Amino acid sequence: MAETVVLDPVDLHLLRLLQNDARSTYRDLAAQVGVAPSTCLDRVTRLRRSGIILGHQLRLDPAKLGRGLEALLSVQVRPHRRELVGPFVDRIRALPESRTVFHLTGPDDYLVHVAVADMADLQRLVLDEFTSRREVARVETRLIFQQWDCGPLLPPQRDASATTPPHAGHSATPSAESG
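These numbers were taken from a predicted model, which means no experiment stands behind them. (Residues numbered from 1 in each chain as written. Predicted model: local features only at pLDDT ≥ 70, side-chain atom pairs only at ≥ 80, totals over all residues. Heavy atoms only, no water.)

Draft legend 1. Quick look at the overall build of the protein chain. Within the protein chain one finds five helices and four strands. Ordered by position from the N terminus, the helices and strands of the protein chain form the series α-α-α-β-α-β-β-α-β. Classification of the 179 residues of the protein chain by burial places 33% in the buried group. When the accessible surface of the protein chain is summed, it comes to about 11500 Å², and 55% of that surface belongs to carbon and sulfur atoms. (Helix = DSSP H or I, 4+ residues; strand = E, 2+ residues; numbered from the N terminus. Buried < 20%, exposed > 50% of the residue type's maximum accessible area, 1.4 Å probe, protein only. Areas by Shrake-Rupley, 256 points an atom, 1.4 Å probe, with all protein chains shown as cover.)

Draft legend 2. Seen up close, helix 3 (residues 37–49). Look at helix 3: 18 Å from first C-alpha to last across 13 residues, which is about the 18 Å you get at 1.5 Å a residue. Contact partners of the buried residues in helix 3: helix 1 (9–20) and helix 2 (26–33). Of the residues trailing helix 3, Gly 51 is marked for its positive phi of about 90 degrees. (Expected span 1.5 Å × (residues − 1). Contact = heavy atoms within 4.5 Å.)

Draft legend 3. Just the nonpolar core, in detail. Leu 73, Val 75, Phe 88, Tyr 110, Val 112, Leu 122 and Phe 130 are the most contacted members of the largest nonpolar core, which has 20 residues in total. For this core, the secondary-structure elements that each account for two or more residues are strand 1 (69–77), helix 4 (82–94), strand 3 (110–116), helix 5 (119–130) and strand 4 (136–144). Not counting the four nearest positions on each side in its chain, Leu 73 is found in contact with Tyr 110, Leu 111, Val 112, Val 114, Leu 122, Val 126, Phe 130, Val 139, Glu 140 and Thr 141. Leu 29, Ala 30, Val 44 and Ile 53 belong to the second largest nonpolar core, which has 12 residues in total. (Core = buried A, V, L, I, M, F, W, Y, C linked by side-chain atoms within 4.5 Å.)

Draft legend 4. View of the environment of Arg 78. Among the secondary structure elements, Arg 78 is positioned in the loop between strand 1 and helix 4. Spatially, the C-alpha atom of Arg 78 lies 5.7 Å from that of Ala 137, the residues being 59 residues apart in sequence. Leaving out residues up to four positions away in the same chain, Arg 78 has contacts with Pro 107, Asp 109, Arg 134, Glu 135 and Ala 137. Of the polar contacts made by the side chain of Arg 78, one reaches the side chain of Asp 109; its length is 3.0 Å. (Polar contact = N/O pair within 3.5 Å; in protein donor to acceptor, adjacent residues only side chain to side chain.)

Draft legend 5. Up close: the sheet that holds strand 3. Spatially, the four strands line up as an open sheet ordered 2-3-1-4, and their pairing is antiparallel. Since the sheet does not close on itself, it has two edges, and those belong to strand 2 (98–103) and strand 4, each with one partner. Taking each pair of neighbouring strands and ignoring which way they run, the sheet shows an average axis angle of 20 degrees. Bridge analysis of strand 1 against strand 3 gives seven bridges, and the strand direction is antiparallel. Bridging from a neighbouring strand, Val 75 pairs with Tyr 110 of strand 3. Across the sheet, helix 4 is in contact with strand 1, strand 2, strand 3 and strand 4; its angle to strand 3 comes to roughly 20 degrees. (Pairing = 2+ DSSP bridges. Axes fitted to C-alpha atoms, helices over the stretch in contact; angles between N-to-C directions.)

Draft legend 6. Highlighting the packing of helix 1 against helix 2. Where helix 1 contacts helix 2, the two axes come as close as 10 Å, and the packing angle between them is 130 degrees. Relative to helix 2, helix 1 is oriented oblique. Crossing of helix 1 over helix 2 shows right-handed handedness. From helix 1, Val 10, His 13, Leu 14, Leu 17 and Leu 18 reach across to helix 2, where they touch Leu 29, Gln 32 and Val 33. Residue composition of the contact of helix 1 with helix 2, by class: six nonpolar, two polar and no charged. (Parallel < 35°, antiparallel > 145°, perpendicular 65-115°, else oblique. Left-handed = near helix turned anticlockwise from the far one by under 90°. Nonpolar A, V, L, I, M, F, W, Y, C, P; charged D, E, K, R; others polar.)

Draft legend 7. Representation of helix 5 in the model. With 12 residues, helix 5 ought to run about 16 Å at 1.5 Å a step, and its terminal C-alpha atoms sit 15 Å apart, in line with that. Residues Asp 121, Leu 122, Leu 125, Val 126, Glu 129 and Phe 130 constitute the buried set of helix 5. Each buried residue of helix 5 lies within a common arc of 135 degrees when the element is viewed along its axis, so the set occupies one face. In helix 5, the exposed residues that point more than 90 degrees away from the buried face are Met 119, Ala 120 and Gln 123. Each element contacted by the buried residues of helix 5 is listed here: strand 1, helix 4, strand 3 and strand 4. Where helix 5 begins, the side chain of Asp 118 points an oxygen toward the backbone nitrogen of Ala 120, at a separation of 3.2 Å. (Arc of directions from axis to C-beta.)

Next comes the structure, spelled out in structure tokens:
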């Protein structure tokens, strides 16, 4: 089980702001939270070191990069033993088509979100990279018609004076600007 980190109201306010706009400068964050920019930088650094802030990423549109077909692959691995699944997960994560890999309970062992160019590319991926592996017992493919991002992990504060409007699609780390 993951270790819980104690957060005070300033930490929570910073996290709420960052999850909605990770490009905020430390100066802007500090002004909104009511602390000095150096204090803001120290707090965000502590939140990173504690593992609460996992990083930041640039989100790309797969369709505009020639990967307009997305699918979920349910994968059953047999036998389900550590010496087989470790290398399997490493290989699948290394594929440029793989977006996310989930280890599951139930009849399927893994759910893999992939983005490919077209049906022929999906067929190639499934046959060459999944079912050709000796530990893969079964692959079931589901096409994704549409997807939506969901709300932030931390809901807005109830106090209207401390609430900021949500901005979908941003991650949880400020830009390199600290001034």
